[in-house]
Amino acid sequence: MVESSGPGAASLLLAHHGTPGACAAEPLAWAMARAWQCDIVHLWVLPSFWRDMMGDDWLNSAATRATFATYLEQTLSREIEQQQQALQQRCLAQGLRYRFLLQIGEPTACLLHTLHSETPRALVIGSRRPKGVAGYRSHLEMSQLLRQARVPILLAPWGWVESSVVQ
Amino acid sequence: MIYTHKSPALLIMGLLILLWGGLNQLGVIDDLQARLQPGAYKDHIAVKEKWEAEQRVASEQAKADNQPAPTLKRPHSKFDQEKAFQSKLSFLFGGLFTVIGVFILLWPAKPGNLDYLVGTVPGLALIASIAFVVRWGLDPLFANWGKAVKEAGILSWDFAKIFNLNYVVLGILAGIFVVNVLKVPVWAANGVRLSRLLLKSGVILLGTLYSAAELAQLGALSVVLIAIFVLGSVGVVLFMGRRMQAGNSMTGVLSAGMGVCGVSATVAASPVVQAKASEIAYTIGTILAWGVMCMFVFPTIGHLFEMTPVQFGAWAGTGILNSAQVAGAALAFDPEGVETLKVAEIFNITRVLFLPIIVLWLATWYVKNEENATKVDIGHVLISKFPVFVLGFILLFILSSLGLFAPADHYQGKYFSGDKVKEEKLLKPKQVKLLEGVSSKMRTPDEQKALQDLISNRKLTSRDQDNLLKAVGKMADLDKAVKGILENAHKAAWHDSPVIRAYRDWIAWLFAFGLIGLGMQITGQAIKQAGGKPLVIGSVVGTLKAVGSLLVVLLFISKSV
């Protein structure tokens, strides 16, 4: 049984929110982690737009708003937990050690902050979904990331499959 | 948790507001005010010149009679009144903010109710400061620019008028700008969230402005229209959701949001129909995007169709998806009065009263269609979703009807039918002639009759006639002088009690404050989430609702109640 890794071990940062783009980046992360003998650090950024999800509601009572906030919080945490457990299982099945980090805020700022605090050997991300595919509109600012990241960035193309990995 | 942030921001805002009041009172910024309010300043100069001439004549007369020169009291012009009003409000709010600002800096905050209450003041002060800047600065500035651009021939139309760039719209835009570009400061966040309370207080106070007959007629009309369009929209969404295989939870949350009152209904219904996070995000994004768009489009269309306050209020109250923008659109359409707001808010209240019923319906529908759904407690839903502030509105209406705020016959239009209109306020022969000249321009027999009655009685004699001629006054091809005569006839017939007039002013300010605060809660990030099936269904239902209610209002709703 491969245990979860702890801070300090050589790691590879995988930014993954359960989207098809991020799933396509998994095999790339595994291949690189095996080659470099690193742990996988899974970063999940909960975008700050969720704070604005009550919009300009003014009619409801504080109790109804609190019920909604609790419900939304529980729904999000359930969704994150399901994705996190699934990815953990897949990493462990690959014989890799896994660690999970959750941050709330702007995706690019959170990612840069984690790169600074975790100092991984590389960052693995999936690519942006093609136009017309449904999903949240909360994207990484690639130009900012490329300018400020101090580690190699590996980007898996949309729909990329494992067979393409050079062993 | 400590809510009060030790920041000098409140003190600075308080001092700046006080400074504005002081400068106004001392007359130091008269040049600036004259540029902001050229119309009022022109009136001011005319009043001043007339007074100086009278003073001169009186002095000469006194000199001829060997009497000491009298000192005539200078009458207040609109310009003086506006400056005095700005000073009064500045001293009131600026003084309050300064005192609490000093208190915040000196007081070692401890958790508790006082901390929570004090912690809201800086945010409210930020909203008030924006409201003052917008109402006293940007609103007249845009009005002047609109006219200047038209007069210079750059545009053939007044862009400020066409896009309704008045203090309400500009205030909401300022709020949206603050939250998206500058970000709401930490010290203001607590107070900004409290802006909901200001809107609710505005609605409660609005209860003082209705007559029983008015409320009964508007109430009945709103129940019919809202029932048709709310139930219709919910039905269309349920049908489309099934056809598009959107899933029960998404269809449920969408039908509440699109059918009843937008974001508020989505917030209330989401836990009941167990909506997924993405469904909530798509739905709220779609509703916010539609709401903001409607707030700009509706008033422009309303003016284009020369709608009356009753017609526009009914249309906005029915056709706009999100209830927050109903008040915004009503005030954008009619920023100087609260007549449209009065109608629109009755429709808003009716929508809110429909909310518990719709949530219950959706809960039952969801339980029936979804295997894993949890059953809901009907009593709990009805009680928890009941909008308590509506009781405040009803209470103030009752107190008002009992004559607590104004003479009991105030609402019966005694100034229309009685002999209360003074002789000097009756139409002059020259004005009558001018009105006779535009008689052929009347569009309907009702308008024709209303004008004829005004000509024969030299004053307005009924509320219906007043409403009809108000619509006439908005006709684009009507002579300015005629519009002025109709406006004066309206003013001569309407004598509000000082208490009701004060309520009307405060209601407009409360709504302005509240809407700026709500604007500060509309983020681009939330709007950007509009997408997926909710965007498709929302666009179809939003358009159907807006166009359908417009047709119904234009075809079946009379211009007055």
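Please read these numbers as outputs of a predicted model, since none were measured by experiment.

### Comments concerning the overall build of chain A
Reasoning step 1: Each helix and strand counted, chain A has 4 helices and 5 strands in total.
Reasoning step 2: Ordered by position in the sequence, the α and β elements of chain A form the string β-α-β-α-β-α-β-α-β.
Reasoning step 3: In terms of C-alpha radius of gyration, chain A reaches 17 Å, essentially the compact-globule figure of 15 Å for 167 residues.
Reasoning step 4: If you line up chain A on its principal axes, its C-alpha atoms span 60 × 35 × 30 Å.
Reasoning step 5: By the burial criterion, 33% of the 167 residues in chain A qualify as buried.

### Regarding the overall build of chain B
Reasoning step 1: The helix and strand inventory of chain B stands at 26 helices and 0 strands.
Reasoning step 2: Taking 2.2 N^0.38 as the reference for a compact globule, 561 residues should give roughly 24 Å; the C-alpha atoms of chain B span a radius of gyration of 26 Å, in line with that estimate.
Reasoning step 3: With respect to the principal axes defined by its C-alpha atoms, chain B has extents near 100 × 65 × 55 Å.
Reasoning step 4: Per-residue burial over chain B gives 46% buried out of 561 residues.
Reasoning step 5: Sequence separation of 24 or more characterises 81% of the internal contacts of chain B that already satisfy a separation of 6 or more.

### Brief notes about the interface of chain A and chain B
Reasoning step 1: Counting residues at the interface gives 24 residues for chain A, matched by 34 residues for chain B.
Reasoning step 2: Its residues placed into classes, the side of chain A that touches chain B shows 12 nonpolar, 6 polar and 6 charged.

### Notes on the domain arrangement of chain B
All names here are of chain B.
Reasoning step 1: Domain boundaries assigned for chain B yield domain 1 (9-193), domain 2 (203-406 + 527-556) and domain 3 (415-493).
Reasoning step 2: Once you take the C-alpha centre of each, domain 1 and domain 2 turn out to be 34 Å apart.
Reasoning step 3: Among the elements that make up the side of domain 1 that touches domain 2, the one with the highest residue count is helix α7 (residues 167-182) (4 residues).
Reasoning step 4: Looking at the side of domain 1 that touches domain 2 residue by residue, the class counts come to 6 nonpolar, 2 polar and no charged.

### Observations concerning the packing of helix α3 (residues 38-64) of chain B against helix α4 (residues 78-106) of chain B
All names here are of chain B.
Reasoning step 1: Here α3 crosses α4 at 120 degrees, and the two axes come no closer than 7 Å. By the criterion of interaxial angle, the relationship of α3 to α4 is oblique. In this structure, α3 contributes Ala40, Tyr41, Asp43 and His44 to the contact, and α4 contributes Lys78, Phe79, Asp80 and Glu82.
Reasoning step 2: Looking at side-chain class alone, the contact of α3 with α4 contains 3 nonpolar, 1 polar and 4 charged residues.

### Points about the pairing of strand β4 (residues 122-126) of chain A
Residue and element names in this part refer to chain A.
Reasoning step 1: Burial analysis of β4 places 5 of its 5 residues in the buried class, the great majority of the element.
Reasoning step 2: The two faces of β4 match: Ala122, Val124 and Gly126 on one face and Leu123 and Ile125 on the other face are all buried.
Reasoning step 3: As paired strands, strand β1 (residues 11-15) and β4 are joined by 3 bridges and run parallel to one another. In the strand pairing of β4, Leu12 is matched with Ala122.
Reasoning step 4: Across 4 bridges, the pairing between β4 and strand β5 (residues 153-156) is parallel. In the sheet register, Ile125 faces β5, and the bridge partner there is Leu155.
Reasoning step 5: Handedness of the crossover joining β4 and β5 through helix α4 (residues 142-148) is recorded here as right-handed.

### Examining the nonpolar core
Reasoning step 1: Counting residues in each nonpolar core, the largest one holds 149 residues, and the members touching the most others are Ala327(B), Ala329(B), Phe511(B) and Ile516(B).
Reasoning step 2: It is helix α16 (residues 339-369) of chain B that contributes the most residues to this core, 14 residues altogether.
Reasoning step 3: When residues are assigned to domains, this core turns out to be shared by domain 1 (9-193) and domain 2 (203-406 + 527-556) of chain B, each giving three or more.
Reasoning step 4: Excluding its chain neighbours within four sequence positions, the residues that come into contact with Phe511(B) are Leu199(B), Gly202(B), Ala327(B), Leu331(B) and Leu341(B).
Reasoning step 5: Within the second largest apolar cluster, 29 residues are counted, among which are Leu13(A), Ala22(A), Leu28(A) and Ala29(A).

### As for unusual backbone geometry
Reasoning step 1: Positive phi outside glycine occurs at Thr119(A), with the angle close to 40 degrees.
Reasoning step 2: We classify Thr119(A) as partly exposed; it has 13 C-beta atoms within 10 Å.
Reasoning step 3: Phi angles above zero are rare outside glycine, and Asn66(B) is one such case at about 60 degrees.
Reasoning step 4: Structurally, Asn66(B) can be placed in the loop between α3 and α4.
Reasoning step 5: Classification of Asn66(B) as exposed rests on a count of 6 C-beta atoms within 10 Å.

### What about the sheet that holds β5(A)?
Residues and elements named next belong to chain A.
Reasoning step 1: The 5 strands are arranged β3-β2-β1-β4-β5 in an open sheet whose pairing can be described as parallel. Whereas interior strands pair on both sides, the edge strands pair on one side only; in this sheet they are β3 (98-105) and β5. For this sheet, the mean inter-axis angle between neighbouring strands, taken without regard to orientation, is 25 degrees.
Reasoning step 2: With 8 bridges connecting them, strand β2 (residues 39-47) and β3 associate as parallel partners.

### Some thoughts on helix α5 (residues 113-151) of chain B
Residue and element names in this part refer to chain B.
Reasoning step 1: Between the first and last C-alpha of α5 there are 55 Å, a value that for 39 residues agrees with the 57 Å anticipated at 1.5 Å per step.
Reasoning step 2: Along α5, the largest kink reaches about 40 degrees and is centred on Val134.
Reasoning step 3: Just downstream of α5 lies Gly153, where phi reads positive at about 80 degrees.

### What to know about the confidence of the model for chain B
All names here are of chain B.
Reasoning step 1: Averaged over all residues, the pLDDT of chain B is 89; the fraction at 70 or higher stands at 96%.
Reasoning step 2: Ranking the helices and strands of chain B by mean pLDDT puts helix α1 (residues 9-26) first, with 97, and helix α19 (residues 414-417) last, with 57.
Reasoning step 3: Note on the complex model: pTM 0.84, ipTM 0.87.

### Some thoughts on helix α2 (residues 62-93) of chain A
Reasoning step 1: Between its terminal C-alpha atoms α2(A) stretches 46 Å, which fits the 46 Å expected from 32 residues at 1.5 Å a residue.
Reasoning step 2: The set of residues buried in α2(A) consists of Thr64(A), Phe68(A), Leu72(A), Leu87(A) and Cys91(A).
Reasoning step 3: Of the surrounding elements, those touching the buried residues of α2(A) are β2 and β3 of chain A together with α12 (263-269), α13 (277-304) and α17 (378-384) of chain B.
Reasoning step 4: One or two steps after α2(A), the chain reaches Gly95(A), where phi turns positive at roughly 80 degrees.

### Focus on the environment of Asn60(A)
Reasoning step 1: Within the fold, Asn60(A) resides in the loop between β2 and α2.
Reasoning step 2: Asn60(A) gets classed as buried once you count the C-beta atoms within 10 Å, which come to 24.
Reasoning step 3: Along the primary structure Asn60(A) and Gly95(A) are separated by 35 residues, whereas in three dimensions their C-alpha atoms are 50 Å apart.
Reasoning step 4: Every residue in contact with Asn60(A), bar those within four places of it in the chain, is listed here: Arg65(A), Ser264(B), Val267(B) and Ala268(B).

### Observations concerning the environment of Ala109(B)
Residues and elements named next belong to chain B.
Reasoning step 1: Locating Ala109 in the fold gives a position in the loop between α4 and α5.
Reasoning step 2: Counting along the chain gives 105 residues from Ala109 to Thr4, while the straight-line C-alpha distance between them is 6.6 Å.
Reasoning step 3: When sequence neighbours within four positions are dropped, the list of residues in contact with Ala109 reads Ile2, Thr4 and Asp115.

Rules used throughout
- Residues numbered from 1 in each chain as written.
- Chains lettered and ligands numbered in written order.
- Predicted model: local features only at pLDDT ≥ 70, side-chain atom pairs only at ≥ 80, totals over all residues.
- Helix = DSSP H or I, 4+ residues; strand = E, 2+ residues; numbered from the N terminus.
- Rg over C-alpha atoms; globule rule 2.2 N^0.38 Å.
- Buried ≥ 20, exposed ≤ 12 C-beta atoms within 10 Å, placed from the backbone.
- Contact = placed C-beta atoms within 7 Å.
- Nonpolar A, V, L, I, M, F, W, Y, C, P; charged D, E, K, R; others polar.
- Domains from an automatic or database assignment.
- Axes fitted to C-alpha atoms, helices over the stretch in contact; angles between N-to-C directions.
- Parallel < 35°, antiparallel > 145°, perpendicular 65-115°, else oblique.
- Pairing = 2+ DSSP bridges.
- Right-handed = clockwise from strand over helix to strand, strands pointing away.
- Core = buried A, V, L, I, M, F, W, Y, C linked by C-beta atoms within 7 Å.
- Expected span 1.5 Å × (residues − 1).
- Bend = angle between axes of the 7 residues up to and from the residue.
- pLDDT = per-residue confidence, 0-100.

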